[in-house]
Amino acid sequence: MGIAAVIIIAALMYFRKLYFPAKTAVPAKKKRPSGGFVNCPVCGTMMLPGENIVTKVFTTTGQVNDQICYIYGCPHCYPVCQRGVKRTCPVCHKSVDQNQYLLARRFNKTKSGTPHVIVNGCGNCNRK
């Protein structure tokens, strides 16, 4: 009688693993591949991998993780705008001249480890 109970328990444990697999940890969010498709903040055109946005980053003496940067545009809108491309501010939606730029804040220390940029506006709407 004892041997039959052991066999039944072993069979139940075997079928439990077969029908109810162990729960695994939830996979982390997939990172966006570097160099993927990104829209330009100035003109809104989709940039291909390998194209970069022209920026100027200023170092600050206070916080290391917060920097001021100027965003001039992508190869489609800076230094010369391509045909049919309009440079507009994402904050006030006014047109941005060829010699103007967007003001932004760049954060170096984020949870993902990649820099994060927040656009504050153009020279018309963001006067400090």
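Every chain's residues receive numbers from 1 upward, in the order its sequence appears when written. A pLDDT threshold of at least 70 governs which residues receive local features in this predicted model, and a stricter bar of 80 or more applies before side-chain atom pairs are shown or counted, although totals over entire chains, interfaces and linings include all residues. Remark: hydrogens and water are excluded; side-chain values derive from all non-hydrogen atoms of the structure.

A. The sheet that holds strand β6 (residues 116-122), seen in detail. Pairing is antiparallel in the open sheet, where four strands are placed in the order β3-β4-β5-β6. Each edge of the open sheet carries a strand with a single partner, namely β3 (54-58) and β6. The mean inter-strand angle of the sheet, taken between neighbouring strand axes irrespective of direction, is 30°. Strand pairing is assigned whenever DSSP identifies at least 2 bridges connecting the two strands. Strands here are runs of E lasting at least two residues and helices are runs of H or I lasting at least four, both read from the DSSP assignment and numbered beginning at the N terminus. With five bridges connecting them, β3 and strand β4 (residues 66-73) associate as antiparallel partners. Within β4, the position partnered with F58 by the bridge is I68. Between the N-to-C directions of two axes lies an angle of 0 to 180 degrees, each axis being a line fitted to C-alpha atoms and, for a helix, fitted only over the stretch in contact.

B. Region of the structure containing the nonpolar core. In plain words, nonpolar cores are sets of buried Ala, Val, Leu, Ile, Met, Phe, Trp, Tyr and Cys residues tied together by side-chain atoms within 4.5 Å. Summary of the burial criterion: residues with accessible area below 20% of their type's maximum are buried, those above 50% are exposed, and those between are partly exposed, where the area comes from a 1.4 Å probe applied to protein chains only. Within the largest apolar cluster, 14 residues are counted, with the highest numbers of intra-cluster contacts made by C40, V42, C43, I71, C74, C77 and L102. Secondary-structure elements contributing two or more residues to this core are β4 and β5 (102-107). In contact with C74, not counting residues within four places along its chain, are C40, C43, T45, M47, N52 and I53. Contacts: residue pairs with any heavy atoms within 4.5 Å of one another.

C. Highlighting unusual backbone geometry. For the peptide bond that leads from Y78 to P79, omega is 5°, which places it in the cis range. By the element assignment, P79 lies in the loop between β4 and β5. You will see that H93, though not glycine, has its phi angle at about 60°, which is positive. One can find H93 in the loop between β4 and β5. When its relative accessible area of 62% is taken as the criterion, H93 is described as exposed.

D. Structural detail: the pairing of β4. In terms of residue burial, β4 counts as a mostly covered element, since seven of its eight residues are buried. Sheet topology note: the β4/β5 ladder contains six bridges and is antiparallel. By the bridge assignment for β5, C69 is matched with A104.

E. Representation of the packing of aromatic side chains within the structure. Here the aromatic set is Phe, Tyr and Trp, taking the six-membered ring for Trp, and pairing holds for ring centres within 6.5 Å; pairs whose planes are under 30 degrees apart are stacked, those over 60 apart are edge-to-face, and all others are tilted. Enumeration over the complete set of coordinates arrives at four aromatic pairs. Among the aromatic residues, those joined into a cluster by ring pairs are F58, Y70, Y72, Y78 and Y101.

F. Spotlight on the side chain of R87. Residue placement: R87 occurs in the loop between β4 and β5. Within the structure, the side chain of R87 is placed 2.8 Å from the backbone oxygen of Y72, a separation counted as a polar contact. R87 has contacts with V42, Y72, G73, C77, Y78, C81, K94, S95, V96, D97, Q98 and Q100, leaving out every residue within four places of it along the chain. For this analysis, a polar contact is any N or O atom pair within 3.5 Å, provided that within protein one partner can donate a hydrogen and the other can accept it, and provided that sequence-adjacent residues contribute only side-chain to side-chain pairs.

G. Region of interest: the pairing of β5. By the bridge criterion, six bridges tie β5 to β6 in an arrangement that is antiparallel. Counterpart to L103 in the pairing with β6 is G121.

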